[in-house]
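Results of the structural survey
Letter by letter, the chains look like this.
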Amino acid sequence: MANVHIDDVDGNVAQILELHSKGCEIVRLAVPRPRDVPFFEKIKDKLRSQCIEIPLIADVHFAPRIAYDCLAVADKVRINAGNFAERPGKSFGEGRNFALDEFSKFFEAAKSANVPVRIGVNAGSLSKRILEKYGNTACGMWESAHECILAANRAGFHDLVLSFKSSSVALTVESYRLACSEMDRLRLDYPLHLGVTEAGNGQYARIKSAVGIGGLLLDGIGDTMRVSLTENPIEEIQAARDILQASGARRFTAEFVACPSCGRTNYDIQRALEVVKGKIGKLECARSLKIAVMGCVVNGLGEAGDADYAIVGLPNGKVNIYKGVVCLAKNIDQELAASKLERVILADI
Ligand code: SF4
C-alpha cells in the first residue's frame with residue numbers, strides 16, 4: 001500500500017513505479033476525502049502514460065460518496081464492511097436492513113461501472129452492531145462479510161474480494177478458515193485477500209505475517225496478499241515475495257537450503273551460502289532449482305539428497321560439489337566453489 005498523501009501526485013507515481021520495479025503487482029491508495037478522487041485519477045493517468053498497467057485500488061473508509069466516485073477511476077474499490085453503512089441507535093435487525101440496502105445500492109453502481117469491490121473486514125473496525133452481537137470474533141468478521149455478500153447477491157453483483165484481517169495472527173487465521181468453510185457450505189467461491197494487519201516492523205512483523213499468511217497459503221487459501229509493515233512500503237514487497245516462495249505458492253529464485261553448521265563444519269559456511277545465493281539467486285534460469293550448502297558429509301550429503309546441486313564441506317576446510325548424488329568436483333577451495341557451481345549450472349541448463 002502506498003503511504004504518500006494522495007494529493008502528492010508525483011510522489012505517488014514515483015513510489016508506485018518503485019514498488020512496481022520491485023515486483024509489486026497491485027497497489028492500494030488511501031482516498032480519504034471526496035476532493036481526493038481527481039488526484040487518484042491523475043496518478044493513474046500518469047502511470048498509464050508510461051505504460052504501467054499495475055492495478056490501482058481505492059481504499060475508502062466511512063464515506064460512501066467517495067466509494068461511489070472512485071468507481072469511475074479505480075481498478076478496484078476497497079470498502080470497510082464495518083464503517084460503510086451503519087446507522088447507530090437502531091436495533092440489530094433495523095441496522096442490518098439499512099446496511100443491506102446501502103450495500104446493495106453500492107453494488108448496483110459497481111456492477112454498472114464493472115469495477116470489482118473488496119470487502120475489507122477488520123477486527124479493529126467491526127461495526128458496533130456486529131460487535132455487540134458477536135464480539136471481536138471470527139464469527140463476527142464472517143457475519144460482517146456475509147451481510148455484504150447477501151447485498152451483492154441482491155444486486156446481482158459477484159465481483160467481490162473478501163479479506164478478514166486482525167493484528168492477532170490466531171484470529172486472522174481462524175477468520176479466513178471460517179470464511180472458507182462457510183463459503184463451502186453456502187456454495188460460494190469469492191477470492192480472498194490475505195493479510196495480518198498492523199504487524200509492526202522488523203523481524204517480528206515479518207514472522208507474524210509469515211505465520212499468518214504463510215499458514216493460510218499452505219492451506220490453499222488466498223488469492224492476493226499484503227504484508228503490512230510500519231516501514232517503507234518497498235520492504236513489504238520483499239517480505240511478500242519471501243512468504244510466497246517459502247510457502248511454495250510462487251517461485252522467484254532458486255530455493256536455497258543450508259545446514260545450520262556445527263562442530264563438524266570446517267569452512268566458512270555462512271560466507272559460502274551468501275556467495276552462492278548472490279550468484280545463483282540472480283540466475284533466472286536457475287529459478288526452479290534447489291541448491292544445498294552443507295557443512296559436512298556426515299549428514300550433509302543425505303540431507304542435501306533432494307537438492308539439484310550441493311556444496312558439501314570436507315574435513316580439510318575445502319568442499320565438494322555435487323549434482324544430485326554425483327560428485328562433480330572434489331576438494332575445491334571454498335572461494336572458488338560458487339563460481340564453479342555457477343558454471344556447472346549454466347552449462348547444464
Ligand atoms: S550437515 Fe554436518 S556440519 Fe551441518 S549441521 Fe549437520 S552434521 Fe553439522
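1. Thoughts on the overall build of the chain
A count of helices and strands for the chain gives 12 helices and 12 strands. At a minimum sequence separation of 6, the contacts of the chain that also span at least 24 residues come to 60%.

2. Quick word on the site of the ligand
For the ligand, the set of nearby residues contains 13 residues, the closest of which are Cys-259, Cys-262, Gly-295, Cys-296 and Gly-300. Per-class residue counts for the shell around the ligand are six nonpolar, five polar and two charged.

3. Side note on the nonpolar core
Counting 67 residues, the largest nonpolar core has Val-31, Phe-40, Ala-58, Cys-70, Ala-74, Val-77 and Ala-145 as its most contacted members. Excluding its chain neighbours within four sequence positions, the residues that come into contact with Val-77 are Ala-58, Val-60, Ala-67, Cys-70, Leu-71, Val-115 and Val-117. By size, the runner-up hydrophobic cluster in this structure holds 29 residues, among which are Ala-304, Tyr-309, Val-312 and Ala-337.

4. With respect to the sheet that holds strand β2 (residues 56-60)
Strand order across the open sheet formed by five strands is β1-β2-β3-β4-β5, with parallel pairing between neighbours. In this open sheet, the two strands that pair with only one neighbour each are β1 (27-30) and β5 (160-165). Each neighbouring strand pair of the sheet contributes to a mean axis angle of 25°, computed without reference to strand direction. Pairing analysis gives four bridges linking β1 to β2, with the strands arranged parallel. Pairing of Val-27 across the sheet is with Leu-56, part of β2.

5. Thoughts on unusual backbone geometry
Phi is positive for Phe-62, which is not a glycine, with a value near 70°. With a phi close to 75°, Ser-261 is a non-glycine residue in the positive phi region. Relative to the elements of secondary structure, Ser-261 occurs in the loop between β8 (255-258) and α10 (269-280).

6. Considering the domain arrangement of the chain
Split by domain assignment, the chain resolves into domain 1 (9-246) and domain 2 (255-348). In this structure, domain 1 and domain 2 have C-alpha centres spaced 43 Å apart.

7. Structural notes on helix α4 (residues 92-113)
Over its 22 residues, α4 runs 31 Å from end to end, which matches the ideal 32 Å to within 8%, given 1.5 Å per residue. Gly-95, Ala-99, Phe-103, Ser-104, Phe-106, Phe-107 and Ala-110 are the residues of α4 that are buried. In the core, the buried residues of α4 are packed alongside α3 (64-70), β4 (117-122), α5 (128-134) and α6 (138-155). Once α4 finishes, Asn-114 follows within two positions and takes phi at roughly 60°, a positive value.

8. Some thoughts on the sheet that holds strand β11 (residues 319-323)
Across the sheet, which stays open at both edges, the five strands sit in the order β8-β9-β10-β11-β12 with mixed pairing between neighbours. Among the strands making up the open sheet, the edge pair consists of β8 and β12 (326-332). When the angles between neighbouring strand axes are averaged without regard to direction, this sheet yields 15°. Note that β11 and β12 share four bridges and pair antiparallel. Bridged to Lys-323 within β12 is Val-326.

9. So, the pairing of β8
As paired elements, β8 and strand β9 (residues 290-294) share four bridges and run parallel to each other. Bridge pairing links Val-257 to Ala-292 in β9. The parallel pair β8 and β9, bridged by α10, forms a crossover whose chirality is left-handed.

Conventions used here
- Residues numbered from 1 in each chain as written.
- Predicted model: local features only at pLDDT ≥ 70, side-chain atom pairs only at ≥ 80, totals over all residues.
- Helix = DSSP H or I, 4+ residues; strand = E, 2+ residues; numbered from the N terminus.
- Contact = placed C-beta atoms within 7 Å.
- Near = placed C-beta within 6 Å.
- Nonpolar A, V, L, I, M, F, W, Y, C, P; charged D, E, K, R; others polar.
- Core = buried A, V, L, I, M, F, W, Y, C linked by C-beta atoms within 7 Å.
- Buried ≥ 20, exposed ≤ 12 C-beta atoms within 10 Å, placed from the backbone.
- Pairing = 2+ DSSP bridges.
- Axes fitted to C-alpha atoms, helices over the stretch in contact; angles between N-to-C directions.
- Domains from an automatic or database assignment.
- Expected span 1.5 Å × (residues − 1).
- Right-handed = clockwise from strand over helix to strand, strands pointing away.

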